[in-house]
Amino acid sequence: MTGLRSTPAEIVDDLRELADLAADEMNEDNAALAKVMDVPTWRPEDTTEGQAADLIERYRGALQEIESGAADPRGVAVAALTEPTEASDT
């Protein structure tokens, strides 16, 4: 197996850029419809790309915490792998 071509930080940066583009495109596609009805505005964090970047950052943070000697590495891993709830997103 070869090494990564990009670092996790570079991948997250690329995903954030793609999320911005995707949100802009979806909002442009909905512009005509928005003139006649209430259409939600897409935010970059609402896109699959934005959510993927968030997930990579969450996993990376958990790995760094475990690597730094977390007192409960299993708890850190479980928390990182647990689906966030609406309450924990705020």
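Heads up: the structure comes first, above all this text.
Just so we're clear, the structure is a prediction, and the values are computed from it rather than from any experiment.

J.: Provide a residue-level description of the overall build of the chain, including the pertinent values.
T.: Along its length, the chain carries 5 helices and 0 strands. Element order for the chain, N to C, with α for helix and β for strand: α-α-α-α-α. With respect to the principal axes defined by its C-alpha atoms, the chain has extents near 55 × 35 × 20 Å. When each of the 90 residues of the chain is scored for burial, the buried share is 14%. Carbon and sulfur atoms form 56% of the exposed surface of the chain, whose accessible area is close to 7200 Å². On the chain, the mean spot of the 7 positive side-chain charges and the mean spot of the 21 negative ones are 4 Å from each other.

J.: Describe a nonpolar patch on the surface, and please don't skip the residues or the numbers.
T.: Nonpolar side chains collect at one region of the surface, where Leu 33, Val 36 and Met 37 lie side by side and expose about 290 Å² of accessible area between them. Tracing the sequence through the fold places Val 36 in the loop between helix 2 (31–34) and helix 3 (48–67). Given the relative accessible area of 67%, Val 36 is considered exposed.

J.: Quick rundown of the environment of Gly 3? Include the residues and the values.
T.: By secondary structure assignment, the location of Gly 3 is in the segment before helix 1 (8–29). Residue class for Gly 3 comes out exposed when judged on its relative accessible area of 59%.

J.: So what's going on with the packing of helix 1 against helix 3? Residues and values would help.
T.: Between helix 1 and helix 3, whose axes approach to 7 Å, the crossing angle comes to 155°. The angle between helix 1 and helix 3 places the two elements in the roughly antiparallel class. Our pair here, helix 1 against helix 3, has a crossing hand that is left-handed. Touching Pro 8, Ala 9, Ile 11, Val 12, Leu 15, Arg 16, Leu 18, Ala 19 and Ala 22 of helix 1 are Glu 49, Gly 50, Ala 52, Ala 53, Asp 54, Ile 56, Glu 57 and Arg 60, all from helix 3.

J.: Report on the pattern of salt bridges, specifying residues and quantitative values.
T.: Overall, the coordinates contain 4 salt bridges when judged by the stated rule. A salt bridge links Glu 45 to Arg 43; its shortest N-O distance comes to 3.4 Å. A network of salt bridges, in which partner residues are shared, links Arg 16, Asp 54 and Glu 57.

J.: Residues and numbers for helix 3, please.
T.: Here helix 3 contains 20 residues, and its C-alpha end-to-end distance of 28 Å stays within 8% of the 28 Å for a straight helix at 1.5 Å per residue. Within helix 3 the residues assigned to the buried category are Gly 50, Ala 53 and Ala 62. Looking down the long axis of helix 3, one finds its buried residues gathered within 170° of arc, a one-sided arrangement. Of the exposed residues in helix 3, the ones pointing more than 90 degrees away from its buried face are Thr 48, Leu 63 and Glu 67. Against the buried residues of helix 3 lie helix 1 and helix 4 (73–81). Trailing helix 3 by a residue or two, Gly 69 shows a phi angle of about 95°, which is positive.

What counts, and at which threshold
Residues numbered from 1 in each chain as written. Predicted model: local features only at pLDDT ≥ 70, side-chain atom pairs only at ≥ 80, totals over all residues. Heavy atoms only, no water. Helix = DSSP H or I, 4+ residues; strand = E, 2+ residues; numbered from the N terminus. Buried < 20%, exposed > 50% of the residue type's maximum accessible area, 1.4 Å probe, protein only. Areas by Shrake-Rupley, 256 points an atom, 1.4 Å probe, with all protein chains shown as cover. Lys, Arg positive; Asp, Glu negative; His and termini not counted. Charge placed at Lys NZ, Arg CZ, Asp CG, Glu CD. Patch = residues over 30% accessible without salt bridge, like charges linked within 9 Å, V, L, I, M, F, W, Y side chains within 5 Å. Salt bridge = Lys/Arg side-chain N within 4 Å of Asp/Glu carboxyl O. Axes fitted to C-alpha atoms, helices over the stretch in contact; angles between N-to-C directions. Parallel < 35°, antiparallel > 145°, perpendicular 65-115°, else oblique. Left-handed = near helix turned anticlockwise from the far one by under 90°. Contact = heavy atoms within 4.5 Å. Expected span 1.5 Å × (residues − 1). Arc of directions from axis to C-beta.

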